[in-house]
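# Structural description and commentary
Each chain is listed here by its residues.
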Amino acid sequence: MSLFPAFRAVLAPDVTDARTEALESDIRALKGVVQVAFNQSAAGEKYLHVTCMPGQGVERKVAAMAGVSRTQSAPF
């Protein structure tokens, strides 16, 4: 179990690979981000798993980015 909070940034279905890479880069540049990893759920939903420092407002900033349809807490 990690001491850092984590969430999923679920990508919109029409997001291209190039936009996914750009989103990863943009999220990594945010203050308080510890790790970003691309993943895909069994249902075919693409998302970025984001681990961050608490109290930085990272999830709110990521949710506002173009190409992110929603955020949700990570199951692990």
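These remarks concern the structure in this document. The shown structure was predicted, so the numbers you read here are calculated from the model rather than taken from an experiment.

The rules behind the values
- Residues numbered from 1 in each chain as written.
- Predicted model: local features only at pLDDT ≥ 70, side-chain atom pairs only at ≥ 80, totals over all residues.
- Heavy atoms only, no water.
- Phe/Tyr/Trp six-rings, centres within 6.5 Å; stacked < 30°, edge-to-face > 60°.
- Lys NZ or Arg CZ within 6 Å of the ring centre and 35° of its normal.
- Pairing = 2+ DSSP bridges.
- Helix = DSSP H or I, 4+ residues; strand = E, 2+ residues; numbered from the N terminus.
- Axes fitted to C-alpha atoms, helices over the stretch in contact; angles between N-to-C directions.
- Contact = heavy atoms within 4.5 Å.
- Buried < 20%, exposed > 50% of the residue type's maximum accessible area, 1.4 Å probe, protein only.
- Core = buried A, V, L, I, M, F, W, Y, C linked by side-chain atoms within 4.5 Å.

For the structure shown, the criterion picks out zero aromatic pairs. Sitting over the ring of Tyr 47, Arg 8 keeps its end group 4.0 Å from the ring centre.

Here we come to the sheet that holds strand E3 (residues 46–52). Read across the sheet, four strands follow the order E2-E3-E1-E4 without closing on themselves; strand pairing throughout is antiparallel. In the strand order of this sheet, the two ends are held by strand E2 (33–40) and strand E4 (68–73), each with one partner. The mean inter-strand angle of the sheet, taken between neighbouring strand axes irrespective of direction, is 25°. In this sheet, E4 lies alongside strand E1 (residues 6–11) in antiparallel orientation, the contact comprising five bridges. In the strand pairing of E4, Phe 7 is matched with Ser 73. Its contacts with the sheet place helix H1 (residues 17–28) against E1, E2, E3 and E4, and it is angled at close to 160° to E2.

Turning next to the environment of Val 62. Tracing the backbone shows Val 62 in helix H2 (residues 58–63). Judged by relative accessible area, which is 0%, Val 62 ranks as buried.

Okay, the nonpolar core next. Of all hydrophobic cores here, the largest spans 17 residues; its most connected members are Ile 27, Leu 48, Val 58 and Val 62. Secondary-structure elements contributing two or more residues to this core are E1, H1, E2, E3 and H2. When near neighbours in sequence (up to four residues on either side) are disregarded, Ile 27 contacts Val 33, Val 36, Leu 48, Val 50, Val 62 and Met 65.

What follows concerns the pairing of E1. Taken residue by residue, a regular strand's side chains alternate between the two faces of the sheet. Of all six residues making up E1, five are buried, and the element is well covered by its neighbours. Pairing of E1 with E3 involves five bridges; the strand directions are antiparallel. The partner of Ala 9 across the bridge, within E3, is Leu 48.

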